[in-house]
Each structure stands twice: as structure tokens, then as C-alpha cells.
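# A closer look at the structure
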Amino acid sequence: MFKDKLGNMIPHYNQKLFMRDLLAGITLFVMLIPQGMAYAMLAGLPPVMGLYAATVPLFIYALFASSKHLSIGPVAITSLLVFSGVSILAEPGSQEYISLVLLLAIMVGAIQLLLGISKLGFIVKFIPHSVMNGYTSAAAIVIGLSQIKHVLGIDLGNHLQVHYILIGALEKIMDINLITVLIGITSIILLIMLKKIAPSLPGALLVVVLSILFVFLFNLEKSGVQIVGNVPQGFPQFVVPSFTLETIQLLIPMALTIALLGFMESLAIGKAIAKKEKYKLNPDKELKALGLSNMIGAFFQSFPVNGSFSRTAVNHQSGGATQMTSVITGVFIIITLLFFTSFFYYLPNAVLASIILVAVYKLIDIKEMKHLFEVKPFEGWVWVITFIVTLFVGIQWGIIIGAIFTLVLLLNRSSKPSIVEMGYVKREKTFRNIKRYTEAVTSDEAVILRIDSNLHFANISYVEEKVKEVLKAREGTKWLILDMSGVNDVDTISVDTLEEMIDFYHDRGIITLFASMKGSIRDTVNKVNWDQKYKEQQNHLPLEQLLKAKGISMEKEEYVISALDYQI
């Protein structure tokens, strides 16, 4: 059973599959060593905690996941969110800070686990794509700029707003360490070149090894080059973070953000690979697996983890077949922790910063913003607002403000539903929007309006005004026909307003009729006795049949389209 779980229910886990997983696992291990340490530094934690986050969580996820290929561990945006949420409560790197991060990881895991048990994974669908893409693009810029201090060798504080970072860099431009700058720029160039020339080589690890040798041989740490220093040796110790009710309350907003974003990102990556490999992913099972990984991992000094785009893609390309790759990766990380941490003593912080910079620049997606404006300007503006807020207000506010802005725009659109005047198109023998079909025939005595929205308290006044506007321009109208085929629901206020409209226009010699009124709508209006008060209006007939039943013709100059032409 244990083997089956690791093989994601593959009944015959054989030597061939193991060799594929072994190769993929070693490849991921080579990636995770430098990335894990870099992302721990980004989170304001000792680099070794990046290695801790690549041990126990990987084993737990392998046991409970439904994805065969998703590679979890430290990732850039989650690390930045950890830093932004906890750095306002404690000094990064301090014991209090580490304790709060571990508590945050437990909370993130608990939220994910509860959502998975409750089968509430669907709630991530309420975060629009435009918000996520704008947020990710801005976060990538914030991540990059937050690492400038390590590349320049200066202290810029803990600001995460772009303008503060840039102002701070300009103020301390005279304090730049040129050797650190040279190491950082050289590392970035090497990483980019190696990726283009020899993508199969572990570029990040090679740069790490070369930089360590370079610093060691020339004693550059004595010239002001900041290095990682002592990295604790051994398996991560079991710890129980201290907490108070107050700290839990302070961390809840960030825990929710990381839990939902982490799951959303993991699910997107996992689904993409699962689709290629033709197997199904279980979102609720993924939530539980991530939740348990974060909760249990926190007791072994792991900060919040989730699925990685780059490592999952490499896992798939390297031939990984099951979650045994995660187990193999975790085992190699533990071996490194037990015997090889002293090798990282001379590793420059500038190199870790360079690894982060090269990893996140691809997340800046300006093309998608342009695409959104071309297709749906509404979504383009949501992208822009989310992007700007994340850059200049704060990374923790980006998604919240973006989602609120989306809601406001949606409410605004909902309050102004589409209402179109219909005319008869003879060649198609049906009714169409007269603005789209200029040849559509209208009647002198009947106005036909189609409502393409549910009716509720926020939009019924707009409908009322629109009807008044159309009728004011059409003197001599005897019939007002409202096509309700696009209406699936009405609320009490809307029913009351419709009644007022019927009575108001009746007093002015205009009969109001409803076409294609659905059963659910008729049930609602009949609760206020429309079946007795407005028998003529309470109508389920399609538009064509209603006109035929009332003997209404559509006339225009040289020809007449009678009810006999209508087809259902």
C-alpha cells in the first residue's frame, strides 16, 4: 500500500519507473539546493531553512497527493508573501521572526486542510485571471527589486513598495560594493547564457560552486562581500512554535492569502501536466496534501511551500513518473544537510539574489495585459489596478484591492444590463437587435425590448428608465413587449417595479406584455397574484407566438410582415 501511494495508485511500480524517478529526483535536487536557499533568504530566513522546507513536506505530499508530477517546495511569491506578512511583526532572521513564520506555516496548512476536508477547493475560482496575472507580474518586479540590496551590497531596509526601494537605492548609491556588484552581474549573465546554450546543465548549481571557489580563493568576504556563513548541519529539529491569540489574529489575513494563492498556483501547474499525461487531478485531495505538508513541515522548521512551475516542468521533462521523485529529492537534501552544509560557508548572498532575479523575470507578463485590453478592456483595467496596487501600496494588498475593484466593476455592469430593441429580419424569419441588423423591421404600434440579464434591486431602475426613454421617442405605441428569454431570476423589488410599469403605461393606453417568461419567473410573480391581476401579462409564449396570438403585425413602407411569416 505504501508503494502504491508513492506511485499514485500505479499497481506495478517497477525498476524502469524507479530509474525514471531517480533521474528526475536527482535533477530536482540539483535545482532545489540553490533555489531553496535563495527563497529562504527572500523570506527573511536563514538559507538553511530553504533546505529544511525541501525535506519533510516533500515526503508528506508524496503520500497524500493525487498529482504524479507536481514538485512542491519553496517558491518565490510565497516567500515574498511570508516576508511581507511577518516582517512587520518581528525583525527578519530573529528567533521571534522564525517562530512567527513557523506558526504561519501551520496556519496555512490548517486552512488548506480544512478547505480540502470541506470540499471547498472551488473557492479559488473566485479570484479572476486578470487579478492573478496582474498580481504575479507586479510581485515578480517587487521580488526582483527586493534583491537589489544583495546585488549592490547595501542595506535598503525591509521595504516592499517599489518607490521606497528605488529611493533607498539612490540615497545609498555611494555605499555600493563594486566587487559584490561584479559577482551579481556576472552570475546573472552566466545563468542566462547557460540556460540558452546548455539548458540541460544545472546552471544555478554551477554558478553557486564557482562563486564559492572564487570567494574562498580571493578572501573576498574581507572586502565586504556578504556571504551565507555557517550553515547548521543535521536533520531539522522538531520544534513547536510559541504563539498567542493576538499573533494568530495578526497572521490570519496573510495565512489565508498564502493558503489560497499557493493552492491556486499548485493546482494550475498540476492540472497542466496532468492534462498532458491524461490523468485526473483531485483538487480537494491536493488541498489536503498541501495542508498536511505545510502543517507537519512547520514542526520541522519549514516555511510555507507550494507547487513550483519551473521544478514541476523540469520533473516532467526529466521523465519523472510518480511522486517517488519527491521522496528521492528529499532524501538527497537530507544527505546534504547531514554531511555537506559546510561547503556553503563562502556562498555570496549576491549569487542567491541573482538566482532569484533570473527565476522571476519570466513572471512579468505585459503581453497578457495587452491581450486583455484588446479582448476585454474591463479585464485589462482590473490587471492594471492590481499591478499598480501591488507595486506601490503593498504586495499583501494587491489581490484584495484587485478583487474588490473587480467586484465594483461587475456590480456597475450588473446595474446597467443589456436592453436591446428588436426588429423582424425577413430573410432569417426571426427577431434581431436593430442596431446590429439595420434591415430589421420595427412596428409603429409595438415596441419590442429584450432584457439580457436577471432583474434585481440594483438594475431594475435602469430598466425602467431605458423603457421610458425608448417609448418617449416612439409616439403612438400601443404595445410594449418585453422579451424575457434572457431573464432567469427576479427579486421582490423588481416584481413591484414591473407592476408599477404595467399600471403606469396602461393608464396611458399602452399594454405591456411579457414574452418567453420562464417557469421560475412565473412561479415568483404568481406568488403576488399575477395569475389573477395580470393574466394577459403572465405569459410563457415565445415572442413570435405572442405576436400571432395578439394579431400584431410588423409594418414598414412597401411591404408587410404578418404573423403568418413568424417561425418558432
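Residues numbered from 1 in each chain as written. Predicted model: local features only at pLDDT ≥ 70, side-chain atom pairs only at ≥ 80, totals over all residues. Heavy atoms only, no water.

## Quick notes on the pattern of salt bridges
In this structure the tally under the stated criterion is 7 salt bridges. The shortest N-O distance in the salt bridge between E428 and R427 comes to 3.3 Å. Ionic pairing is found between K468 and E465, a salt bridge with its closest N-O pair at 4.0 Å. Of the two residues, K468 and E465 both sit in helix 20 (residues 460-472), 3 residues apart, roughly one turn of that helix. For K468, a relative accessible area of 39% puts it in the partly exposed group. By relative accessible area, E465 is classed as partly exposed at 45%. When salt bridges that share partners are traced, they join R427, E428, R432 and E439 into one network. (Salt bridge = Lys/Arg side-chain N within 4 Å of Asp/Glu carboxyl O. Helix = DSSP H or I, 4+ residues; strand = E, 2+ residues; numbered from the N terminus. Buried < 20%, exposed > 50% of the residue type's maximum accessible area, 1.4 Å probe, protein only.)

## Thoughts on the confidence of the model for the protein chain
For residues with low pLDDT, the predicted coordinates do not support detailed interpretation. Taken as a whole, the protein chain shows an average pLDDT of 88; of its residues, 95% reach a score of 70 or greater. Contacts of residues 1-9 to residues separated by more than four positions or lying in other chains number 21 contacts, the stretch itself having pLDDT below 50. Confidence drops under a pLDDT of 50 for residues 556-568, and excluding neighbours within four residues, the segment shows 26 contacts in the predicted structure. (pLDDT = per-residue confidence, 0-100. Contact = heavy atoms within 4.5 Å.)

## Digging into the packing of aromatic side chains
Using the criterion set out here, one finds 15 aromatic pairs in the structure. Their ring planes at 65° and their centres at 5.3 Å tell us that F216 and Y346 sit as a pair that is edge-to-face. Residue F216 is found in helix 11 (residues 203-218), and its partner Y346 is found in the loop between helix 15 (324-339) and helix 16 (349-360); the two are separated by 130 residues along the sequence. The exposure class of F216 is partly exposed, given its relative accessible area of 45%. Geometrically, the ring pair formed by W530 and Y534 is edge-to-face, given 5.3 Å between the ring centres and 70° between the ring planes. Y534 carries the same exposure label as W530, and that label is buried. Joined through ring pairs, the aromatic side chains of F235, F238, F299 and F300 make up one cluster. The ring of F378 has R413 lying over it, and the distance from NZ or CZ to the ring centre is 4.8 Å. R508 extends its terminal NZ or CZ atom over the ring of F504, reaching a point 3.7 Å from the ring centre. (Phe/Tyr/Trp six-rings, centres within 6.5 Å; stacked < 30°, edge-to-face > 60°. Lys NZ or Arg CZ within 6 Å of the ring centre and 35° of its normal.)

## Considerations on a negative patch on the surface
Together, D496, E500, D503 and D507 make up a negatively charged patch on the protein surface. Accessibility expressed as a relative area gives 35% for D496, which makes it partly exposed. (Patch = residues over 30% accessible without salt bridge, like charges linked within 9 Å, V, L, I, M, F, W, Y side chains within 5 Å. Areas by Shrake-Rupley, 256 points an atom, 1.4 Å probe, with all protein chains shown as cover. Lys, Arg positive; Asp, Glu negative; His and termini not counted. Charge placed at Lys NZ, Arg CZ, Asp CG, Glu CD.)

## What to know about the sheet that holds strand 7 (residues 511-515)
One open sheet holds the 5 strands; their spatial order is 4-3-5-6-7, and the pairing between them is mixed. Sheet topology places strand 4 (430-433) and strand 7 at the edges, where each strand pairs with a single neighbour. Put simply, the sheet's adjacent strands are angled 35° from each other on average, direction ignored. Two elements, strand 5 (residues 446-451) and strand 6 (residues 479-483), share 5 bridges in a ladder whose sense is parallel. (Pairing = 2+ DSSP bridges. Axes fitted to C-alpha atoms, helices over the stretch in contact; angles between N-to-C directions.)

## Focus: helix 2 (residues 15-42)
Here helix 2 spans 39 Å end to end across 28 residues, near enough to the 40 Å set by a 1.5 Å rise per residue. Along helix 2, the helix axis deviates most sharply at L32, where the bend reaches about 35°; the proline P34 sits within four residues downstream. Its side-chain oxygen 3.2 Å from the backbone nitrogen of K16, N14 forms the N-cap of helix 2. Once helix 2 ends, the next one or two residues include G44, with phi positive near 80°. (Expected span 1.5 Å × (residues − 1). Bend = angle between axes of the 7 residues up to and from the residue. Polar contact = N/O pair within 3.5 Å; in protein donor to acceptor, adjacent residues only side chain to side chain.)

## Re the packing of helix 2 against helix 14 (residues 309-317)
Their axes nearest at 9 Å, the elements helix 2 and helix 14 cross at an angle of 170°. If you check the angle between helix 2 and helix 14, you find them roughly antiparallel. For the pair helix 2 and helix 14, the crossing hand works out as right-handed. Mapping the contact onto sequence places A24, T27, L28, M31, L32, Q35 and Y39 in helix 2 and S310, R311, V314 and N315 in helix 14. A breakdown of the residues in the contact of helix 2 with helix 14 according to their chemical character gives 6 nonpolar, 4 polar and 1 charged. (Parallel < 35°, antiparallel > 145°, perpendicular 65-115°, else oblique. Left-handed = near helix turned anticlockwise from the far one by under 90°. Nonpolar A, V, L, I, M, F, W, Y, C, P; charged D, E, K, R; others polar.)

## Observations regarding the nonpolar core
Grouped together as the largest cluster of nonpolar side chains are 115 residues, with contacts concentrated most on L45, L104 and L347. Sequence-distant contacts of L347, that is, excluding residues within four places in its chain, are made with M37, V208, S211, I212, Q226, I227, V228 and L352. Formed by 27 residues, the second largest nonpolar core is a distinct cluster that contains I460, M484, V487 and F514. (Core = buried A, V, L, I, M, F, W, Y, C linked by side-chain atoms within 4.5 Å.)

## What about the side chain of T341?
Checked against the element boundaries, T341 lands in the loop between helix 15 and helix 16. Owing to a relative accessible area of 2%, T341 belongs among the buried residues under this scheme.

## Quick word on the pairing of strand 4
Bridging between strand 3 (residues 419-425) and strand 4 involves 4 bridges; their strand directions are antiparallel. Looking across to strand 4, one finds that Y424 is bridged to F431. Counted between consecutive antiparallel strands, the loop separating strand 3 from strand 4 contains 4 residues, among which K429 sits at a positive phi close to 50°.

## Concerning a nonpolar patch on the surface
A surface patch of nonpolar side chains, about 680 Å² in accessible area, is lined by I388, F392, V393, W397, I400, I401, I404 and V408. For the nonpolar patch, the secondary structure elements donating two or more residues are helix 18 (377-392) and helix 19 (395-414). When residues of the nonpolar patch are assigned to their parent elements, the largest contribution, 5 residues, is made by helix 19. Relative to the helices and strands, I401 resides in helix 19.

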